[in-house]
Amino acid sequence: MSGEADRFTRSGIPLKDFYGPDDVGQAAHQEVPGSFPFTRGRRAQAVSSGGWIQRGLSGEGDATRSNRQLRYLIGEGQSGVDLIGDSPTQAMMDPDHPLAASAIGTQGVSLCHKDDYIELFKDVPLDAITVSFSVPAMFAVAGLCLAARKYGFPVQKLRGSTILTPFYAEDVTYAIHMPFKARVRTSCDVIEYCAREMPRFHAFIEDTYFFSESGLDAVEEMALGFLEIRHLVREVLKRGVDIDAFAPRIAILVNCSMDFFEEIAKIRATRRLFARMMRDEFGARDPRSWSVVITSHTSGLTMTAQQLPNNIVRGATQTLALVLAGAHAIEISAFDEALRTPTEESHLVGLRTQQIIESETGVSKVVDPLGGSYYVEALTDEMERRIWAMVQELEARGEPGELEESGWFRAFFEEKMQRYQHRLETREQIVVGVNAHRLPAEQDKLLREISEAKIRPYRERIAEVKEFKANRDLARTKAALAKVSERAKEGQNLEPAVLEATEASATMGEIAGTIRLAYGFPYDPHGAMKPLI
């Protein structure tokens, strides 16, 4: 479709035919990279290595299989790893739960108990790479700490991150069936614990990616992200934690869709908004607290099941936008994203895409090369204005907990999903291979055989987990779970107790169930598992 719809960005910002000096504020001529408000980036100097951590989303089957995958990618030059748990892991459900059997290891790695983490990181240089987790944060931190102790890596020097998703996870991703207060509380526990015990670890990753994939535009994505950031910061400050003790380790994992210049402007506006918020509203004094780390996973929603090679082009385009915007770490959605977790071949294509952009294009030799572009600067200003206006509108609606419990967020996401589908059906949004330039199925064969290779559920895990539970020191496990329950009821930080319980061979499902009980929720929301204590 052409015409009027082409005159707007994906977020609905109207566009002119061209931009000039009158469209750009005076600040755009004065700002330099590495200085407040960091619109142009966190550093003033270009970094010879390209300046971003290159990684791909990893995890499949059990810990042994995923360990091989990690070591392969590190061997191919990946400078960080990002691990995603399978569906049961994300839902805090053990593999021996009756509802887990069909999904074990099929959409990520199955992580349940301490031995999984120890096996996962065997022969992985935890002192030389960053380890990022798309796994429930309490358990990711506990498992990483136990593996680091096992292999002799100082916990205080571990680098990496874990996402926090207390607001929206129940509505758009894996439900963990905990009340809003418990989700916020455990997120703050992780932030507080890591600020004290793991000062180099980014325990506060605001993951706008996962909920923006429900069809949100760039403005909506960042407004909801800032809503969650602001609430968690206030909650941590209430605990007496100094803002400068944890704000330097806040990062935002943004989505990156196909509206090339809008995505660049979104990131630039986000850095500016964050800097002003931290300094002027929350009173941070350390300049590192003003300068937010931006990481990204390119949009899985844009990866189509039709004409799979097109996804390689989409991944490269999105990666280029992120590099030009100064992202700190990048993961590319694999070309087979619409069908499965990445194959070895698609992992390698994603990594090579980043390496080619870094080594052959020259785009990373200069910081913020688009700074001063009339169009980019004008778009940055408008993105900032719209994001902040929506943040204020959302906060005026009431407390986030009340919005969540009333179903407001769920209704919001459902509306945006319907809007996205309508845009495709009416061809207001063109997606090559889906609603334009289609191929007959018999011609759409390139990369098809690789991508359609099925991942069978790793049901052997059920027997392994049952054996693990049968052979542990049950009295020690129960005592550790009792401490989790006690700390949950008393309002103490739960992360030390979760770490101790994991070390005492309690499983993720058992610990999560114990926390649910302490909040008056069912141990197992599905009624299939019984509590140990």
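Since the model is a prediction, treat every value here as computed from it, not as a measurement. (Residues numbered from 1 in each chain as written. Predicted model: local features only at pLDDT ≥ 70, side-chain atom pairs only at ≥ 80, totals over all residues. Heavy atoms only, no water.)

Can you break down helix α2 (residues 63-75) residue by residue, with the values?
With 13 residues, α2 should cover 18 Å at 1.5 Å per step; its first-to-last C-alpha distance of 18 Å lies within 8% of that length. Contacts from the buried residues of α2 go to β2 (57-58), β3 (80-84), α4 (114-120) and α14 (344-360). Gly-77 sits one or two residues past α2 and shows a positive phi near 110°. (Helix = DSSP H or I, 4+ residues; strand = E, 2+ residues; numbered from the N terminus. Expected span 1.5 Å × (residues − 1). Contact = heavy atoms within 4.5 Å.)

Outline the pattern of salt bridges, listing residues and values.
Per the counting criterion, the structure on display carries 48 salt bridges. A salt bridge links Arg-285 to Asp-242; the nearest nitrogen and oxygen atoms lie 3.4 Å apart. Pair noted here: Arg-285 is in the loop between α11 (260-281) and α12 (287-290) and Asp-242 is in the loop between α9 (218-238) and α10 (243-246), with a separation of 43 residues, a long-range link. Using a relative accessible area of 35% as the deciding quantity, one classes Asp-242 as partly exposed. Note that Glu-428 and Arg-423 form a salt bridge whose closest N and O atoms lie 3.1 Å from each other. You can call Glu-428 partly exposed: its relative accessible area is 36%. Residue Arg-423 is classed as buried on the basis of its relative accessible area, which comes to 19%. (Salt bridge = Lys/Arg side-chain N within 4 Å of Asp/Glu carboxyl O. Buried < 20%, exposed > 50% of the residue type's maximum accessible area, 1.4 Å probe, protein only.)

Which residues make up the packing of helix α20 (residues 474-490) against helix α22 (residues 508-518), and what values do they have?
Two numbers describe how α20 lies on α22: the axes approach to 9 Å, and their chain directions differ by 40°. Like other packed secondary-structure pairs, α20 and α22 cross with a definite hand, here right-handed. Taking contact as the criterion, the partners of Thr-477, Leu-481, Val-484, Ser-485, Ala-488 and Lys-489 in α20 are, on α22, Glu-510, Ile-511, Thr-514, Ile-515 and Ala-518. (Axes fitted to C-alpha atoms, helices over the stretch in contact; angles between N-to-C directions. Left-handed = near helix turned anticlockwise from the far one by under 90°.)

Tell me about the pairing of β3, residues and numbers included.
Taking burial as the measure, the 5 residues of β3 include 5 buried ones, the bulk of the element. On β3, burial covers both faces: Gly-80, Asp-82 and Ile-84 on one face and Val-81 and Leu-83 on the other are all buried. Both β2 and β3 contribute to a ladder of 2 bridges, which runs parallel. In the strand pairing of β3, Leu-57 is matched with Asp-82. Considered for its hand, the β-α-β crossover made up of β2, α2 and β3 is right-handed. Pairing analysis gives 5 bridges linking β3 to strand β4 (residues 130-134), with the strands arranged parallel. By the bridge assignment for β4, Val-81 is matched with Val-131. (Pairing = 2+ DSSP bridges. Right-handed = clockwise from strand over helix to strand, strands pointing away.)

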